[in-house]
Amino acid sequence: MAIVKIPPRQGSAQAGDQVTLRDRADVTAFLAGHGIEYERWTPEHPVAADAPADAVLAAYGREIETLKARGGYATADVIDVKPDTPNLEMMLAKFSREHWHDEDEVRFIIEGRGLFHVHPPSGQVFAIEVEAGDLIRVPRGTHHWFDLCGDRRIRAIRLFQDMAGWTPHYTESGVDKGFEPLCFGPAYVARG
Ligand SMILES: [Fe+2]
């Protein structure tokens, strides 16, 4: 289940505590209010998280085809990121600064976790921590950035309209520097 964190407003009359959403209906409704689609997917048949990419794509074939038809996505692939992935830090640095794409960012998480920060036009940045079973669709043009969690692990299905459209455009706003890429995750829940 994804977790949404809405940090307190800084220096505003509406200053308050951080809000955390963990309830599926709350998370779905909040994200929908920002044009972000959130779903939980289940495979048509059981598939191991480390199964070959073809097997994973086949297991989620029905969900993928439905989303392809709805969003005009042409291709789906599987991306694997591990702590020993070559040039990992360089790869992560490309996406941990505020940017947008000419393409929707569509991810279904198979294994591991990740943290999206979204900077909506209304101004208040919020964070979405995704984990296995979460489908997230961030519309093209949305200002956002992405970090891995401490375990440096994510395996995800990606859907593309056109891979060329997925080049990041940087805002260079520096907004991302004001936010720690700290995941909540299971450890946080256990401590709480
Ligand atoms: Fe992105």
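Per chain, residue numbering runs from 1 following the sequence as it is written. Totals for whole chains, interfaces and linings use every residue, but because this is a predicted model, local features are given only for residues with pLDDT of at least 70 and side-chain atom pairs only at 80 or more, for both listing and counting. Values reported for side chains reflect all heavy atoms of the structure, with hydrogen atoms and water molecules removed beforehand.

### Topic: the coordination of the iron ion
Under ideal tetrahedral coordination, the four donors around a metal are separated by 109.5 degrees; under ideal octahedral coordination, the six donors are separated by 90 or 180 degrees. The rule for donors is simple: N, O or S, within 2.8 Å of the metal, or within 3.2 Å if the metal is Na, K or Ca. Water isn't counted, so a site may look like it is missing partners. Every protein donor of the iron ion is listed here as His 99 (NE2), His 101 (NE2), Glu 105 (OE) and His 144 (NE2), and their distances to the metal cover 2.1 to 2.2 Å. Geometry at the iron ion is irregular, judged from the 4 donor atoms that bind it and their angles of 83 to 168° at the metal. Linear spacing of the donor residues for the iron ion on their chain is H-x1-H-x3-E-x38-H. Like His 101, the residue Glu 105 is buried in the burial classification. Any site counts as irregular unless it has four donors with all angles between 85 and 135 degrees, making it tetrahedral, or four or six donors with opposite ones more than 155 degrees apart and the rest between 65 and 115, making it square planar or octahedral. Only protein chains enter the calculation, and the probe is 1.4 Å; a residue is then buried if its accessible area is under 20% of its type maximum, exposed if over 50%, and partly exposed in between.

### Regarding the confidence of the model for the protein chain
Each residue gets a pLDDT score, which is the predictor's confidence in that residue and runs from 0 to 100. Per-residue pLDDT for the protein chain has a mean of 91; in total, 92% of the residues score no lower than 70. Segments assigned H or I by DSSP are reported as helices when at least four residues long, segments assigned E as strands when at least two residues long, and all are numbered from the N terminus. Within the protein chain, strand β8 (residues 134–138) carries the highest mean pLDDT (98), whereas helix α5 (residues 185–191) carries the lowest (52). When checking whether two residues touch, look at their non-hydrogen atoms; a contact exists if any pair is within 4.5 Å. Across residues 188–192, where pLDDT falls below 50, the model places 2 contacts with residues more than four positions away in sequence or in other chains.

### A short note on the pairing of strand β9 (residues 144–148)
The two faces of a sheet get side chains in turn, since along a regular strand they alternate between them. Here β9 lies mainly inside the structure; 5 of its 5 residues are buried. The alternating pattern of β9 places His 144, Phe 146 and Leu 148 and Trp 145 and Asp 147 on opposite faces, both of which are buried. Strand pairing follows a simple DSSP-based rule, namely that at least 2 bridges must link the two strands. As defined by bridge partners, strand β6 (residues 105–118) adjoins β9 across 5 bridges and the pair is classed as antiparallel. Across the sheet, the residue bridging to Gly 114 is Leu 148, located in β9.

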